[in-house]
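Coordinates in review
One-letter residues, chain by chain:
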Amino acid sequence: MYNKAMVLQEFESRLERLVEGVFSTAFRGELQPVEIGRKLVREMDLRRRVGMGRIIAPNEFKVYLSPYDADRFAQFEGAFEKELTVALQTHADREGYVFVGPLSVEVMEDGELKRGRFDIETNIVEGSIEDEIAAIELPDGYRVLLNDHPVVLGRLSDCDIVLHDQNVSRRHAEVSRKGQEYILRDLGSTNGTLLNGQPVNTSILKDGDSVSLGTTTVRFIYTR
């Protein structure tokens, strides 16, 4: 059975790994990131609506923090927004919600808010097919959203996607964007890169493609 708490626990665990010791010391006794994640998930549920036989959820979220808390979050704001987006996408997938445009979370400062307080604004904003967001889906279901910056997959800890697989090279493969297309490129790996079971050096990715590196298989998908 799906449990919302599990999504939030996964979110907090990933964020903690991203910011390492900063997380455990900067938030003791203060506003916790998981509090914001919990309210975002609740707002998504409250603001959903039924249309054309589908359950449509808000896809634009703005989180307003007090100046004090905004300053504390600033050191890892980008990672925080990304992890909140992933948590919301995971919740929507498991609940069967759909979006009419790209999912986004933006953290902003509100000078009228007091320390420890925050507000959330949600909207349903229509998009076009060009607004679909590409992602790499890992074996555990976690999705790494793609943008204009190349994403490197490999065993090294400084790779964008770290794969704990001894059959994966330190810097195994890369996914980069070119116009509206995403390109998979093998980085001279020892065991090669397979696209839908076939070895490739460079190839354009399509929705649903499976990419195998060592004994690990990930998927390239378009998501809303």
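Structure: see above.
Described in the following lines is the structure provided in the data block.

Thoughts on helix 3 (residues 33-47)
- Taking 1.5 Å per residue, 15 residues should reach 21 Å; helix 3 reaches 21 Å between its end C-alpha atoms and fits that length.
- All buried positions along helix 3 are accounted for by Pro33, Val34, Ile36, Gly37, Leu40, Val41, Glu43, Met44 and Asp45.

A word on the sheet that holds strand 11 (residues 173-178)
- Sheet architecture is open: 5 strands sit in the order 10-9-11-12-15, paired in mixed fashion. Here the strands that pair on one side only, and so sit at the sheet edges, are strand 10 (161-162) and strand 15 (202-204).
- Two elements, strand 9 (residues 151-154) and strand 10, share 2 bridges in a ladder whose sense is parallel. Each bridged residue has a counterpart across the sheet, and for Gly154 the counterpart in strand 10 is Val162.

Some thoughts on the sheet that holds strand 3 (residues 60-65)
- Taken in spatial order, the 3 strands of this open sheet run 5-3-6, and their pairing is mixed. Two strands lie at the open edges of the sheet, namely strand 5 (104-109) and strand 6 (118-123), each paired on one side alone. Neighbour-to-neighbour, the strand axes of this sheet turn through a mean angle of 20°, independent of strand direction.
- Examined bridge by bridge, strand 3 and strand 6 share 6 bridges and lie antiparallel to one another.

So, the packing of helix 3 against helix 5 (residues 77-95)
- Two elements in contact, helix 3 and helix 5, have axes separated by 10 Å at closest approach and are oriented at 40°. Between helix 3 and helix 5, the interaxial angle falls into the category oblique. For the element pair helix 3 and helix 5, the recorded crossing hand is right-handed. Counting all contacts with helix 3, which are made through Pro33, Ile36, Gly37, Leu40, Val41, Met44 and Asp45, the residues of helix 5 involved are Phe80, Leu84, Leu88, His91 and Ala92.
- Each residue belonging to the contact of helix 3 with helix 5 can be placed in one class, and the counts come to 9 nonpolar, 2 polar and 1 charged.

A look at helix 5
- With 19 residues, helix 5 extends 27 Å between its outermost C-alpha atoms, agreeing within 8% with the 27 Å of an ideal straight helix rising 1.5 Å per residue.
- Looking one or two places after helix 5, you find Gly96, whose phi comes out positive at around 80°.

As for the side chain of Asp45
- Tracing the backbone through its elements, the reader meets Asp45 in helix 3.
- Within the structure, Asp45 has its side chain in polar contact with the side chain of Tyr97 (distance 2.7 Å).

A closer look at the pattern of salt bridges
- Summed over the entire model, instances satisfying the criterion amount to 4 salt bridges.
- The salt bridge involving Asp69 is made with Arg72; its shortest N-O contact spans 2.3 Å. Here Arg72 and Asp69 lie together in helix 4 (residues 67-73), a separation of 3 residues that amounts to about one turn.
- Residue classification places Arg72 among the buried positions, given a relative accessible area of 10%.

Calculation notes
- Residues numbered from 1 in each chain as written.
- Predicted model: local features only at pLDDT ≥ 70, side-chain atom pairs only at ≥ 80, totals over all residues.
- Heavy atoms only, no water.
- Helix = DSSP H or I, 4+ residues; strand = E, 2+ residues; numbered from the N terminus.
- Expected span 1.5 Å × (residues − 1).
- Buried < 20%, exposed > 50% of the residue type's maximum accessible area, 1.4 Å probe, protein only.
- Pairing = 2+ DSSP bridges.
- Axes fitted to C-alpha atoms, helices over the stretch in contact; angles between N-to-C directions.
- Parallel < 35°, antiparallel > 145°, perpendicular 65-115°, else oblique.
- Left-handed = near helix turned anticlockwise from the far one by under 90°.
- Contact = heavy atoms within 4.5 Å.
- Nonpolar A, V, L, I, M, F, W, Y, C, P; charged D, E, K, R; others polar.
- Polar contact = N/O pair within 3.5 Å; in protein donor to acceptor, adjacent residues only side chain to side chain.
- Salt bridge = Lys/Arg side-chain N within 4 Å of Asp/Glu carboxyl O.

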